[in-house]
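This is what each chain is made of:
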Amino acid sequence: AGLAVTIDTTDPAAPGTPDLDAPSDTGTASDDDLTNDTTPTVSGTAEAGSTVTLSSSIDGAVGTATADATTGAWSISTSALAGGVHDLTTTATDAAGNTGIASAALAVTVDTTAPAAPSTPDLDASSDTGDSNTDNLTNDTTSTITGTAEANSTVELTSSVDGVVGSSTADGSGDWSITTSALSESAHDLTATTTDPAGNSSGASAALTVTVDTTAP
């Protein structure tokens, strides 16, 4: 009987641009391609049944998968990615061993560095109703607290008495201001923590002790 041999010298088309899966995108938005996950999941489409190789401009080949035989869908959890901006591209290799050109690149930023702790919070002079506007004594239960933190990070203010009492986004210079939720009448140790756009959180700042006194003499 004759032997049927198929000769295939046609390269597969370039796969679609890879996409960072939303659960692996830890940034402010689920589609900003910013993450603190060093082994994120990346997905896309390629020629059905082909072998997909995912490559990083920093780390080289970081994973392979077989595209679905019907839809061409594939998904890869990468090997460990170094910190930095990775241009991730894919190639497809068909059953005959033909490898096509690379896809368009997906730029993913991997950031695992926690921000520095914010500065010690400060009771704004307008909220300090004591004998001095720097004595941290007030009858204002929704006081304004200010400070500095990593630029564009999210700052959370916590009271030793009332728990979390407010949050804000530091501006491009790192300055932030929070008008607290209602504070109990007490001495409060107020600390701030910050979370950067990649989702990394700092340690707590040093504490500011503010005494809230609303009792008339």
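This text goes with the structure placed above it.
Cut-off values and rules
- Chains are numbered independently. Their residues run from 1 in the order of the written sequence.
- For this predicted model, a pLDDT threshold of at least 70 governs which residues receive local features, and a threshold of 80 or more governs which side-chain atom pairs are given and counted, while totals over whole chains, interfaces and linings are taken from all residues.
- To get the side-chain values, all heavy atoms of the structure are used, and hydrogens and water are removed first.
- Per the convention used, a helix needs a DSSP run of H or I reaching at least four residues, while a strand needs a run of E reaching at least two, with both numbered from the N terminus.
- We compute the radius of gyration from the C-alpha atoms alone; for a globule the expected value is 2.2 Å times N to the 0.38, where N is the number of residues.
- We call a residue buried when its accessible area falls under 20% of the maximum for its residue type, exposed when it is over 50%, and partly exposed in between, using a 1.4 Å probe and counting protein chains only.
- For every accessible area listed, the method is Shrake-Rupley and the probe measures 1.4 Å; residues are considered covered only by the protein chains on display.
- Two strands qualify as a pair provided that DSSP identifies no fewer than 2 bridges between them.
- Buried Ala, Val, Leu, Ile, Met, Phe, Trp, Tyr and Cys residues that are joined via side-chain atoms within 4.5 Å together make up what is termed a nonpolar core.
- Throughout, a contact is declared for two residues whenever any of their heavy atoms are within 4.5 Å.
- Under the rule applied, a polar contact is a pair of N or O atoms within 3.5 Å (in protein, one hydrogen donor and one hydrogen acceptor; residues adjacent in sequence only if both atoms are side-chain atoms).

Moving on, we get to the overall build of the chain. In terms of helices and strands, the chain carries 0 helices and 16 strands. Relative to a compact globule of 217 residues, whose C-alpha radius of gyration would be 17 Å, the chain shows 27 Å and is clearly more extended. Each principal axis of the C-alpha distribution contributes one length, and for the chain these read about 110 × 25 × 20 Å. Per-residue burial for the chain yields a buried fraction of 37% across its 217 residues. Roughly 10400 Å² of accessible area belongs to the chain as shown, and the carbon and sulfur atoms make up 48% of that amount.

A few words now on the sheet that holds strand S11 (residues 144-148). The sheet built from 3 strands is open, its strands ordered S9-S11-S14 with antiparallel pairing. Two strands bound the open sheet, and with one partner strand each, they are strand S9 (122-123) and strand S14 (175-179). Both S11 and S14 contribute to a ladder of 5 bridges, which runs antiparallel. Paired with Thr144 across the two strands is Thr179, which belongs to S14.

Moving on, we come to the nonpolar core. One finds Val42, Ala46, Leu54, Trp74, Leu88 and Val108 to be the most contacted residues of the largest nonpolar core, which totals 16 residues. Of all the elements in the fold, those that place two or more residues in this core are strand S4 (51-56), strand S5 (60-66), strand S6 (73-77), strand S7 (84-93) and strand S8 (106-110). Broken down by element, the residue count for this core peaks at 3 residues, all from S8. Counting 15 residues, the second largest nonpolar core, distinct from the first, contains Leu157, Ala170, Ala192 and Val212.

With that settled, consider the environment of Ala114. Inspection of the secondary structure assignment puts Ala114 in the loop between S8 and S9. Residues Ala114 and Gly203, 89 residues apart in the sequence, show an inter-C-alpha distance of 8.5 Å. The contact partners of Ala114, leaving out residues within four places of it in the chain, are Asn200 and Ser201.

Moving on, we come to the sheet that holds S7. Ordered by their spatial adjacency, 5 strands build an open sheet running S2-S8-S7-S4-S5, and the pairing between neighbours is mixed. Edge strands, defined here as strands with exactly one partner in the open sheet, are strand S2 (34-35) and S5. Judged from the 2 bridges that link them, S2 and S8 form a sheet pairing that is parallel. Its bridge partner lying in S8, Thr35 is registered against Val110.

So, about the side chain of Asn200. As for its position among the elements, Asn200 is in the loop between strand S15 (186-195) and strand S16 (208-212). One polar contact links Asn200 to Asn36, side chain to side chain, over a distance of 3.4 Å. Setting aside its immediate chain neighbours within four residues, Asn200 contacts Asn36, Asp111, Thr112, Thr113, Ala114, Pro115, Thr194 and Thr195.

Attention shifts here to unusual backbone geometry. Peptide bonds are, in most cases, trans, and in most cases residues other than glycine have a negative phi. You will see that Asp33, though not glycine, has its phi angle at about 55°, which is positive. Relative to the assigned elements, Asp33 resides in the loop between strand S1 (19-20) and S2.

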